[in-house]
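# Residue-level structure breakdown
Here is what each chain is made of, one letter per residue.
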Amino acid sequence: MIKENKKTVFSGVQPSGDLHLGNYLGAILQWAEMQDKYSCIFCVVDYHAITVRQDPAVLRDRIIETAKMYLAAGINPEKSVIFQQSDVSAHAELAWILNCSARIADLNKMTQFKEKAGKNQETVTVGLYDYPVLMAADILLYNTDAVPVGEDQIQHVELCRDLAQRFNRQFGETFKIPELVIKEEAARIMGLDDPAKKMSKSAASPANYIALADKPEEAAKKIIKAVTDSGKEIIFNKDNKPAISNLLTIYSLLSDESIKDLEKRYRGRGYGEFKEDLAEVVKEFLTDFQERLYKIKDSDVKDILRAGAEKVRPIAEETLSRVKERVGIK
Ligand code: AMP
Ligand code: TRP
């Protein structure tokens, strides 16, 4: 499972809301594609989720639901590890040690914190502020080579690299420096109701996103209602046609057809026809996805998560032990 001669990939999603097409296309689909080439570890990052208020009963369900989404998206537990972050206590321990190298000035630059905290910078939790350090711990514990994420996580992976380099300089070679992996065309799927903002589970309106658990019929309606641009040509141009470019991106990634081919197919045809066809593609994708999703049993997911944590715990503990020695507490 932890393939000796293969490079290690680590990534995760928070079990904090409805996973949507942006998460799927920007992150999870990439993960599934990396499984044969790399030794992959995919985490349900529950410690990240509690940086904002969660209903305990809902969170408990969402942890299982998120792991099911990984499985339905094609993450194969025979090939890759799936586990729940809090099952490996080394994450919290390493985060603490890294906290003692991380600088306030660096965390103050994090745009995601600034966006999430908004005007409440003084009243949001310390956890939300510190979350990039926990994320760095997640990555560094497994001697990770590559971290596949969407665009909004670039800054956090860069902070992780900086922290690792600083630690290595101060205490001697300890951490492997991970590389960021971005699938350019999928890294930022935009909102259906506003192509200037990314698709997000915290969007004000559900018309913004297609949740992976949306009823296929409803999702199709969201595509039909999606905002379009002025003009009527179906061409990819992010600056002048952000809405159509976003829909073309979704179409291309779900159907595995190139954007060029789609542009050719829809030359001279209107937005209406294009959206009808895309609605059908989305409907079919969700129908298949959910057929797999609803077959997965909670008890099987719990077994997979438990086995996953057991597999990776020794790796995490070895790294933590090395770190403790370096800083002089062991
Ligand atoms: P989160 O929902 O913040 O836990 O994000 C999980 C993963 O999905 C991360 O790798 C994000 O970068 C990615 N992601 C979230 N929203 C989008 C989006 N709109 N487009 C592409 N990737 C996204
Ligand atoms: N912060 C990431 C997000 O919200 C999730 C995450 C936590 C993560 N730890 C990670 C992603 C480590 C990659 C590697 O999307």
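Residues numbered from 1 in each chain as written. Chains lettered and ligands numbered in written order. Predicted model: local features only at pLDDT ≥ 70, side-chain atom pairs only at ≥ 80, totals over all residues. Heavy atoms only, no water.

### Regarding the environment of Pro 206
What counts is decided by this rule: Helix and strand definitions follow DSSP, with helices as H or I runs of at least four residues and strands as E runs of at least two, each counted in order from the N terminus. Relative accessible area decides the class of each residue, using a 1.4 Å probe on protein chains only: under 20% of the type maximum gives buried, over 50% gives exposed, and in between gives partly exposed.
On the secondary structure map, Pro 206 appears in the loop between β5 (179-181) and α9 (216-225). On the accessibility criterion, Pro 206 (48% relative accessible area) is partly exposed. Between the C-alpha atom of Pro 206 and that of Gly 191, which follows or precedes it by 15 residues, the distance is 9.8 Å.

### Things to note about the site of ligand 2
Note the cut-off: To be near a molecule or strand, a residue needs just one of its heavy atoms within 4 Å of it. What qualifies as a polar contact is a pair of N or O atoms within 3.5 Å, subject to a donor-acceptor requirement within protein and to the restriction that residues adjacent in sequence count only when both atoms come from side chains. Here, Shrake-Rupley sampling with a 1.4 Å probe gives the accessible areas, and only protein chains in the shown set may cover a residue. Charged residues are taken to be Asp, Glu, Lys and Arg, nonpolar residues to be Ala, Val, Leu, Ile, Met, Phe, Trp, Tyr, Cys and Pro, and polar residues to be all remaining types, Gly included.
Close to ligand 2 lie 13 residues; Gln 14, Tyr 131, Met 135, Asp 138 and Gln 153 are nearest. Within the side chain of Gln 14, a nitrogen or oxygen atom sits 3.0 Å from an oxygen atom of ligand 2. Between Gln 153 and ligand 2, the recorded distance is 3.1 Å, taken from a side-chain N or O atom to a nitrogen atom. Burial of ligand 2 by the surrounding chains reaches 91%, relative to a free accessible area of 370 Å². For the shell around ligand 2, the secondary-structure elements that each account for two or more residues are β1 (8-13) and α7 (126-140). A total of 4 residues in the shell around ligand 2 trace back to one element, the largest contributor, which is α7. Counted by class, the shell around ligand 2 contains 7 nonpolar, 5 polar and 1 charged residues.

### Re the nonpolar core
Rules: The definition of a nonpolar core used throughout is a set of buried Ala, Val, Leu, Ile, Met, Phe, Trp, Tyr and Cys residues joined through side-chain atoms within 4.5 Å.
Residues Leu 21, Tyr 24, Leu 25, Tyr 70, Leu 212 and Phe 289 are the most contacted members of the largest nonpolar core, which totals 64 residues. In terms of residue count, helix α12 (residues 271-295) provides more of this core than any other element does, 10 residues in total.

### A look at the domain arrangement of the chain
Convention followed: Residue ranges for the domains trace back to a domain assignment, done automatically or taken from a database. Between two residues, a contact is recorded if the distance between any of their heavy atoms is within 4.5 Å. As a working definition, buried area equals the accessible area (1.4 Å probe) given up by two parts on being put together, with both sides summed. Put simply, a salt bridge is a Lys or Arg side-chain nitrogen that is within 4 Å of an Asp or Glu carboxyl oxygen.
Taken as a whole, the chain is organised into domain 1 (8-182 + 299-327) and domain 2 (206-292). The partner domain 2 presents 11 residues to the 9 residues of domain 1 that form the contact. Buried area between domain 1 and domain 2, summed over both chains or domains, comes out near 1000 Å², and the portion from carbon and sulfur atoms is 80%. The largest per-residue losses of area from domain 1 upon contact with domain 2 belong to Leu 21, Leu 25 and Ala 72, which jointly make up 49% of the total buried on that side. Where domain 1 touches domain 2, the interface holds 0 salt bridges. Taken together, domain 1 and domain 2 are joined by 3 residue pairs in polar contact (both at pLDDT 80 or more). Secondary-structure elements contributing two or more residues to the side of domain 1 that touches domain 2 are α1 (21-34) and α3 (56-72). Counting residues per element, the side of domain 1 that touches domain 2 draws most heavily on α1, which supplies 3 residues. When its residues are assigned to classes, the side of domain 1 that touches domain 2 shows 7 nonpolar, 1 polar and 1 charged.

### Comments concerning the side chain of Asp 145
By the secondary structure assignment, Asp 145 is in the loop between α7 and β4 (146-148). On the accessibility criterion, Asp 145 (15% relative accessible area) is buried. A polar atom in the side chain of Asp 145 sits 3.1 Å from the side chain of Lys 176. Residues within four places of Asp 145 in sequence aside, it is in contact with Lys 7, Thr 8, Lys 176, Pro 178 and Glu 179.

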